[in-house]
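Results of the structural survey
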Amino acid sequence: MQSADGVCTITLNRPHVLNAFIAEMLHEIRRAVRDAEDARDTRVMVITGAGRGFCAGQDLNARRWIVTETTRNRGGDSLRQNYHPLLRQIRGSGLASIAAVNGVAAGAGIGLALACDIRLMAREASFVQAFARIGLVPDAGNFWHLPRMVGRGRAIKTAMLGERVDADEAARSGLVTSVVPGEWLAEETARVAKRLARLPDGVVDLTRRGVYTAMTLGRAEAQEYGALLMGARLQ
Ligand code: T3D
């Protein structure tokens, strides 16, 4: 983890397997997110990958271990115990989060990117919903995010067929916020992160709360919630 100017960057670092997750790495990311939250000056968290991948999801060579050794062997426990806490932690933190998707993301790697507030994607990067190919169903947040972000039809098609979604298609369908040539990704990420870090105190936290809470409410309740948050700004 690196920190400067209110921005902390967490780099997934198992490039030989496109930064696929193992249990230890998930623990390390959670620790890094916690450290970022605890650091008084940090406002923004950037998550990116080393090498040519963002994150290829669960490490398939370690999957047997993670499923049997870290869980009670109840179906789904590997998600409950290894992935959900991290995704909740990112969403629940008061920090703005940016996924700088530098290369291919698959499976739970997409879940990690979608848990972030903003996704900036390298033109060479892509998303692959790899779950169905190996006999799994998408999750690590994908079930919730996909239909909301791209609509039901596209969600089902990409989840079932597992076709590669390139960066331009990801931007058109609303999965990512913007696409830049790979060599500019770090610079564009730093630019956006710095702008977020310089916003007046509390704006990032309350805006995130407003958007995520309003997504779960009806129109009138969402308006009232907005008024409450605005009230907090005007005190
Ligand atoms: O119970 C539970 O486990 C629930 C939790 C599920 C969470 C999940 O994330 S399930 C989904 C797991 N992920 C996948 O199935 C993706 C597997 N990988 C791929 O489909 C492809 O590698 C990619 C589409 C991501 C990228 O393709 P490409 O052609 O750009 O790269 P490549 O040549 O396939 O991969 C490069 C290397 O990374 C290669 O190793 P090598 O031959 O150079 O030694 C490949 O084996 C390795 N690699 C890629 N993904 C993984 C991996 N090694 C381990 N685990 C991986 N997930």
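Here is a short report on the structure shown in this document.

Details of the overall build of the chain
- Counting its regular elements, the chain contains ten helices and ten strands.
- Seen along its three principal axes, the alpha-carbon backbone of the chain occupies a region of about 55 × 40 × 40 Å.
- In the chain, once contacts between residues fewer than 6 apart in sequence are set aside, the share between residues at least 24 apart is 72%.
- Just so you have it, the chain exposes about 12,500 Å², and 53% of that area is on carbon and sulfur atoms.
- Side-chain charges of the chain comprise 31 positive and 24 negative groups, with the mean position of each set lying 4 Å from the other.

Here we look at a nonpolar patch on the surface
- Taken together, W144, V211 and M215 make up a surface patch of nonpolar side chains, about 260 Å² in accessible area.
- Position of W144 relative to the elements: it lies in helix α5 (residues 142-150).
- Of the residues examined, W144 reaches a relative accessible area of 33% and is grouped as partly exposed.

Details of the sheet that holds strand β9 (residues 164-166)
- The four strands lie next to each other as β4-β6-β8-β9, forming an open sheet whose pairing is mixed. The open sheet has two free edges, formed respectively by β4 (53-55) and β9, since each of these has just one partner strand. Neighbour-to-neighbour, the strand axes of the sheet open up by a mean angle of 20 degrees, direction not taken into account.
- Examined bridge by bridge, strand β8 (residues 126-128) and β9 share three bridges and lie antiparallel to one another. Paired with V128 across the bridge in β9 is R164.
- Taken strand by strand, helix α4 (residues 108-115) contacts β4, β6 (104-106) and β8, and its axis lies near 105 degrees from that of β6.

As for the pattern of salt bridges
- What the rule picks out here adds up to ten salt bridges.
- The closest approach of N and O atoms between R80 and D77, which form a salt bridge, is 2.7 Å. Linking R80 with D77, this pair stays in helix α3 (residues 77-92), spanning three residues, or about one helical turn.
- Between R208 and D117 there is a salt bridge, and its shortest N-O distance comes to 2.7 Å. Placement of the pair is R208 in helix α9 (residues 203-214) and D117 in the loop between α4 and β7 (118-122), with a sequence separation of 91 residues. D117 matches R208 in its accessibility class, with the two residues each being buried.
- Several salt bridges share partner residues, and in doing so they unite R154, E169 and R172 into one network.

Describing the side chain of D117
- Looking at D117, its side chain comes within polar contact range of the main-chain nitrogen of S97, at 2.8 Å.
- A polar contact is formed between the side chain of D117 and the side chain of Y212, at a distance of 2.5 Å.
- Dropping the residues within four chain positions of it, D117 is found in contact with L95, A96, S97, R208 and Y212.

Quick look at α4
- Among the eight residues that make up α4, eight are buried, leaving the element largely enclosed by the rest of the structure.
- For α4, every residue scored as buried is listed here: A108, G109, I110, G111, L112, A113, L114 and A115.

Overview of the site of the ligand
- Lining the immediate surroundings of the ligand are 26 residues, of which A56, Q58, L60, R63 and A108 lie closest.
- A108 is positioned with one of its backbone polar atoms (N or O) 2.8 Å from an oxygen atom of the ligand.
- Taken by itself the ligand offers 1,100 Å² of open surface, and the protein chains cover 68% of this.
- Elements that contribute at least two residues to the shell around the ligand include exactly α2 (63-69), α3 and β6.
- Its residues assigned to classes, the shell around the ligand shows 15 nonpolar, six polar and five charged.

The rules we used
- Residues numbered from 1 in each chain as written.
- Predicted model: local features only at pLDDT ≥ 70, side-chain atom pairs only at ≥ 80, totals over all residues.
- Heavy atoms only, no water.
- Helix = DSSP H or I, 4+ residues; strand = E, 2+ residues; numbered from the N terminus.
- Contact = heavy atoms within 4.5 Å.
- Areas by Shrake-Rupley, 256 points an atom, 1.4 Å probe, with all protein chains shown as cover.
- Lys, Arg positive; Asp, Glu negative; His and termini not counted.
- Charge placed at Lys NZ, Arg CZ, Asp CG, Glu CD.
- Patch = residues over 30% accessible without salt bridge, like charges linked within 9 Å, V, L, I, M, F, W, Y side chains within 5 Å.
- Salt bridge = Lys/Arg side-chain N within 4 Å of Asp/Glu carboxyl O.
- Buried < 20%, exposed > 50% of the residue type's maximum accessible area, 1.4 Å probe, protein only.
- Pairing = 2+ DSSP bridges.
- Axes fitted to C-alpha atoms, helices over the stretch in contact; angles between N-to-C directions.
- Polar contact = N/O pair within 3.5 Å; in protein donor to acceptor, adjacent residues only side chain to side chain.
- Near = heavy atom within 4 Å.
- Nonpolar A, V, L, I, M, F, W, Y, C, P; charged D, E, K, R; others polar.

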